[in-house]
Structure formats: structure tokens, C-alpha cells
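A structural walkthrough
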Amino acid sequence: QVQVVESGGGLVQPGGSLRLSCVVSGSTSTIYVMGWYRQVPGKERELVASISNLGIFSYGDSVKGRFAISRDNAKNTGFLQMNSLKPEDTAVYYCNADLRVGAGARHVFWGQGTQVTVSS
């Protein structure tokens, strides 16, 4: 069974930084896309950043220039470096991974989320 587990969330002051990690475990083949999304109550889940196996990056407009996504393929781990954090960045952050399990079809797997709170 594929598992996606986020970590690194917490409380940080405005202007501070956090680094989130996402570990994908289980029987996996190529992770085509690894992404980070966030959600606050009453709003749609939104894309924060994503990175493909071909090195294509995508960022949400609100985080461009402040956040950076990366991945360590040898460890099946993704990262989200968050700098210059603002109170409006407060949300539950979710990692997902678009991958194949063995020779099967592609599926998107989601983690349970990690809370990021930006407050003084």
C-alpha cells in the first residue's frame, strides 16, 4: 500500500520560514508529479507548487518568489521550502503524488495534511 506522509508544519511568526517534507512509501514506480496543496475552512483547496519527473515546476500566484519545491528521488521524498511567511499562508498543507503502482494505472495519492500557522 502506498502511503504519503507530510511533516514539518507548526507555528511560525510572520516573515519566518518552514520546510515541509513529504515521504512516499510502499510499492511505487515513477512519481510523475509531486505536489503541494493547501486549504482553509470555507475555501477551495488550491495548488501551492508541483514538480514533475521531467523537472517542470508550477507555483500558485500567491507563493511565487517565496516558496520553492524540490524532490529527492532516491528517497521518494518531496520538500516545500516556505520563506517570508504571511498570516494568509495559514492553512492545512497536503502533499500528493501522481504515480504508478508496479505496472498498474496512474493514481493520485494524498497525505493527511500538516497544519501551518503563521501568527505573531
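The sections below set out a description of the structure shown in this document. Bear in mind that the values here come from a model prediction, so they are computed numbers and not experimental data.

As for the overall build of the chain
In terms of regular secondary structure, the chain is built from zero helices and 11 strands. In sequence order, the chain lays out its α and β elements as β-β-β-β-β-β-β-β-β-β-β. A compact globule built from 120 residues would reach a C-alpha radius of gyration of about 14 Å, and the chain, at 14 Å, matches this within 12%. Across the 120 residues that make up the chain, the buried fraction comes to 38%. Residue pairs in contact within the chain that sit at least 24 positions apart in sequence constitute 54% of those at least 6 positions apart. Roughly 6400 Å² of accessible area belongs to the chain as shown, and the carbon and sulfur atoms make up 49% of that amount. Averaging the positions of the 11 positive and the 8 negative side-chain charges in the chain gives two centres separated by 4 Å.

A few points about the nonpolar core
The biggest cluster of nonpolar side chains holds 26 residues, and the ones touching the most others in it are V24, W36, V48, F67, L80, M82 and Y93. Where this core is concerned, the elements lending two or more residues are β3 (18–25), β4 (31–39), β5 (46–52), β7 (67–72), β8 (77–82), β9 (91–100) and β11 (114–118). If you tally residues by element for this core, the top one is β9, at five residues.

Observations regarding the environment of I31
Summarising the element assignment, I31 is placed in strand β4. Setting aside residues up to four positions removed in sequence, I31 forms contacts with V24, N53, R71, N76, A97, D98 and L99.

Some details on the packing of aromatic side chains
Following the criterion strictly, the structure yields one aromatic pair and no others. One cation-aromatic arrangement involves R19 over F79; the distance from NZ or CZ to the ring centre is 4.0 Å. Here the guanidinium or amino end of R106 rests over the ring plane of Y32, the centre of that ring lying 4.2 Å away.

Points about the state of the cysteines
According to the stated counting rule, one finds one disulfide in the structure shown. The residue that forms a disulfide with C22 is C95, at a sulfur-sulfur distance of 1.9 Å. On the sign convention where negative means left-handed, the S-S torsion of about -80° between C22 and C95 marks this disulfide as left-handed. Of this pair, C22 sits in strand β3 while C95 sits in strand β9, placing them 73 residues apart in sequence. Overall, C22 belongs to the buried group, its relative accessible area being 0%. Since its relative accessible area comes to 0%, C95 is described here as buried.

So, the environment of N73
Residue placement: N73 occurs in the loop between β7 and β8. For the pair N73 and C22, spaced 51 residues apart in sequence, the C-alpha to C-alpha distance is 12 Å. Side-chain polar atoms of N73 contact the side chain of R71, separated by 2.8 Å.

Here's the deal with the side chain of S21
Positionally, S21 belongs in strand β3. Beyond its immediate chain neighbours, meaning those up to four positions away, S21 contacts V5, E6, S7, W36, G78 and F79.

Rules used throughout
Residues numbered from 1 in each chain as written. Predicted model: local features only at pLDDT ≥ 70, side-chain atom pairs only at ≥ 80, totals over all residues. Heavy atoms only, no water. Helix = DSSP H or I, 4+ residues; strand = E, 2+ residues; numbered from the N terminus. Rg over C-alpha atoms; globule rule 2.2 N^0.38 Å. Buried < 20%, exposed > 50% of the residue type's maximum accessible area, 1.4 Å probe, protein only. Contact = heavy atoms within 4.5 Å. Areas by Shrake-Rupley, 256 points an atom, 1.4 Å probe, with all protein chains shown as cover. Lys, Arg positive; Asp, Glu negative; His and termini not counted. Charge placed at Lys NZ, Arg CZ, Asp CG, Glu CD. Core = buried A, V, L, I, M, F, W, Y, C linked by side-chain atoms within 4.5 Å. Phe/Tyr/Trp six-rings, centres within 6.5 Å; stacked < 30°, edge-to-face > 60°. Lys NZ or Arg CZ within 6 Å of the ring centre and 35° of its normal. Disulfide = S-S within 2.5 Å. Polar contact = N/O pair within 3.5 Å; in protein donor to acceptor, adjacent residues only side chain to side chain.

Read these as geometric descriptors, not functional statements.
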